[in-house]
Amino acid sequence: NIYNSLFAKNRKVEYDNKDIALVNIRTNPDNQIFRAMDDDEDIRILAEDIKRNGLMHNLVVFPEQEEGSAVYVLLSGERRFRALNYLQEKGDATWNIVNCNVVTTPLTENEKKVLLYSANLQVRGGFSDEAIRRQAIAEFITCLQREPYNMSREEALGATKTVSSVNPRTIERDARIEDKLKGDLKELLNAKILTRSECETYLRFEDDKQEEIAKRFVALSNINCYGDDSEGAGKNHIEVMRDTLHDTFREYLFDVQRQGTSKDYEAAYEKALQYFDENINDLKAKAEEYGKAKESGSAEEVAAIEHAGQREAARDLVKKERDVAENNTSIIQKATPRMVKKLQQAYTSRNFVKALRGVSKESREADIAALNEVIDIATKLKEKIESIE
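Residues numbered from 1 in each chain as written. Predicted model: local features only at pLDDT ≥ 70, side-chain atom pairs only at ≥ 80, totals over all residues. Heavy atoms only, no water.

1. What about the sheet that holds strand β2 (residues 25-26)?
Pairing is mixed across the open sheet formed by five strands, whose spatial order is β1-β5-β3-β4-β2. Looking at strand neighbours, the two that pair on one side only are β1 (15-21) and β2, the edges of this open sheet. Note that β1 and strand β5 (residues 97-103) share seven bridges and pair antiparallel. Of the residues in β5, the one forming a bridge with Lys18 is Cys100. Relative to the sheet, helix α4 (residues 78-89) contacts β2, β3 (59-66), β4 (69-76) and β5, its axis offset from that of β4 by approximately 120°. Those strands touched by helix α5 (residues 109-123) are β3 and β4, and its axis lies near 45° from that of β4. (Pairing = 2+ DSSP bridges. Helix = DSSP H or I, 4+ residues; strand = E, 2+ residues; numbered from the N terminus. Contact = heavy atoms within 4.5 Å. Axes fitted to C-alpha atoms, helices over the stretch in contact; angles between N-to-C directions.)

The following block contains the structure:
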């Protein structure tokens, strides 16, 4: 209905209701981007809900020929379809035949994709994965600019806001990042090496500068810090130095965008690159020294290097933060990426949810209260900034 009211101006998409054997239904390749968000545990929970309460919404499919036989390809309901297969595999024959809405209107490949994306954008809320949400919104906007919709980019952006339950401002930011953030910077964001808030600044740089910035962050991420990746392990001094170099380079880049003239802008940009280039070679040398000590198996030598490195890293951190403060970097731009990075590490940890199940209800409520406090002050700051003309 939403699709018909928004997009099908010259004709309506019509469908019949039909019982179809589960074995004759196929998943849709265009759903791959959304499929990545659904793990086996999600499907199991949904399956148990369907077993208790029944199938609340029909699958939506379109007919297709496969080796001379009729099959049906999903446009909406892949999670439900996988849950029904789970129940069938567990011996529940109730869902061997499932009631479906079969689209009877002939559709182009682009129309099928718009229908599929419309359904996903409606039901998936804010999306659990920010990178997938950005890519889905950008692809949907692109599809709406093609035949038979032929929307302008602004019209497609407006239609996306209408279809999706994602906050309209978030949709605008997602579309802007996908459109303007280039190459490796976008890959680093998707890999969560860069944060969304810092990338909001990087996308304002010209394409050639984005490439230069990305080249340096890639080089930094490729340094072997010889750290311990096990859950709960602390960072060694090489990792601290790497993070300090990242943070300070980022803040120098923030300062570039605050310059009032082209001459000051270029000078601040060159200063940022010079700072990074002067420090990364030192970091590489220290990482190599630390790696050789670890390979030698001398615990005393490793401990001595680690101890000396921690003192040096602490001194460097104080000095570099003082240098950045002198550049009048916004306190919000300085503080937010670090906080986001730490919260993101918790969110993406595989053991985070498992660990939560082992703590008390009071502790979980304290976590929620702390997050609500962050949300509250962030909202107030955002409103104050937006109120300035």
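2. Regarding the confidence of the model for the chain
Mean pLDDT over the chain stands at 85; residues scoring 70 or higher make up 81%. For the chain, the element scoring lowest by mean pLDDT is helix α14 (residues 299-326), at 58; β2 scores highest, at 98. (pLDDT = per-residue confidence, 0-100.)

3. Some words on helix α8 (residues 168-180)
Taking 1.5 Å as the rise per residue, α8 with 13 residues should run 18 Å; its terminal C-alpha atoms sit 18 Å apart, in good agreement. When α8 is considered as a whole, its buried residues turn out to be Thr170, Ile171, Asp174, Ala175, Ile177 and Glu178. Take α8 and look down its axis: the buried residues cluster within an arc of 160°, on one side only. Check the buried side of α8 and you find it contacts α6 (130-144), α7 (153-163), α9 (183-190) and α10 (196-202). The backbone nitrogen of Arg169 has a side-chain oxygen 2.8 Å away, supplied by the residue at the start of α8, namely Asn167. (Expected span 1.5 Å × (residues − 1). Buried < 20%, exposed > 50% of the residue type's maximum accessible area, 1.4 Å probe, protein only. Arc of directions from axis to C-beta. Polar contact = N/O pair within 3.5 Å; in protein donor to acceptor, adjacent residues only side chain to side chain.)

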